[in-house]
Amino acid sequence: MKKQVLFLPDEVATINLGSILASFCNSASIIYLFGELGSGKTTFSRGFLRALGYCGNVKSPTYTLVESYFLVPRIVYHFDLYRLTREEELEFIGIHDYFDQQAICLVEWPEKWINFLPKADIKLYLAYYQQGRQVQLVAYSKYGVELLQHIITELHYLVNNI
């Protein structure tokens, strides 16, 4: 397990973090997004999807539960599990069918279903901090550690070359 804590001073920084992570996701990935309402989970997802070439509106799938983005080279599934109350609801939407060897899965509000869902590669814990947000990124797989190292390297490069 590898951890990194970052300060995100504004919405642009949150979008940029999503963009940076997306630029290194070159295979199936499972990313869990934790945080209070309004902490930046969907904003992060917007940056992630934009970096992969999606130009449409990115909104939290609060009522649809999952939004599918058919992008090249892979599909991205964006989940919002906030409204679910029973495991049967996850089965009803066919949750396990989405986690295949080709897809990237962004999962908002996974905490109630952590024992039912596949293991995450990376978990992001977003929280209000001063006038912005703080994010703790935790890698839980070998692939997640690689992604996190790429993020750290990229951010170090950006900070030192401005």
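The preceding data block contains the structure.
Read on for an overview of the structure. These numbers were taken from a predicted model, which means no experiment stands behind them.

## A look at the side chain of Glu67
Summarising the element assignment, Glu67 is placed in strand S3 (residues 66–70). Ignoring any residue separated from it by four or fewer positions in sequence, one finds Glu67 in contact with Lys59, Pro61, Val76, Tyr77 and His78.

## Here's the deal with the pattern of salt bridges
Counted by the stated rule, this structure contains two salt bridges. The closest approach of N and O atoms between Glu11 and Arg46, which form a salt bridge, is 3.6 Å. Separated by 35 residues along the polypeptide, Glu11 in helix H1 (residues 11–24) and Arg46 in helix H2 (residues 41–51) bring together distant segments of the chain. Across the pair Arg86 and Glu88 runs a salt bridge whose closest N-O atoms are separated by 3.3 Å.

## Notes on the packing of aromatic side chains
As enumerated under the stated definition, the model contains ten aromatic pairs in all. Pairing Tyr77 with Tyr98 gives two aromatic rings, centres 4.7 Å apart and planes at 75°, and the pair type is edge-to-face. Placement of the pair is Tyr77 in strand S4 (residues 75–80) and Tyr98 in helix H4 (residues 95–98), with a sequence separation of 21 residues. Here the two residues Tyr77 and Tyr98 agree in accessibility, since each one is buried. An angle of 85° between the planes, with centres 5.3 Å apart, marks the rings of Phe79 and Tyr98 as edge-to-face. Highlighted residues: Phe79 in strand S4 and Tyr98 in helix H4, separated in sequence by 19 residues.

## Thoughts on the nonpolar core
If you look at the biggest cluster of nonpolar residues, it comprises 29 residues, and the most contacted ones within it are Leu21, Phe48 and Leu124. Elements with a minimum of two residues in this core: strand S1 (2–8), H1, strand S2 (29–34), H2, strand S5 (104–108), strand S6 (122–129), strand S7 (132–139) and helix H5 (142–160). Sorting elements by how many residues they give to this core places H1 first, with five residues. In this view, Leu21 contacts Ile31, Phe44, Phe48, Ile122, Leu147 and Ile151; residues no more than four positions away in its chain are not counted. Counting residues in hydrophobic clusters, the runner-up holds 20 residues, among them Phe79, Leu81, Ile95 and Tyr98.

The rules behind these values
Residues numbered from 1 in each chain as written. Predicted model: local features only at pLDDT ≥ 70, side-chain atom pairs only at ≥ 80, totals over all residues. Heavy atoms only, no water. Helix = DSSP H or I, 4+ residues; strand = E, 2+ residues; numbered from the N terminus. Contact = heavy atoms within 4.5 Å. Salt bridge = Lys/Arg side-chain N within 4 Å of Asp/Glu carboxyl O. Phe/Tyr/Trp six-rings, centres within 6.5 Å; stacked < 30°, edge-to-face > 60°. Buried < 20%, exposed > 50% of the residue type's maximum accessible area, 1.4 Å probe, protein only. Core = buried A, V, L, I, M, F, W, Y, C linked by side-chain atoms within 4.5 Å.

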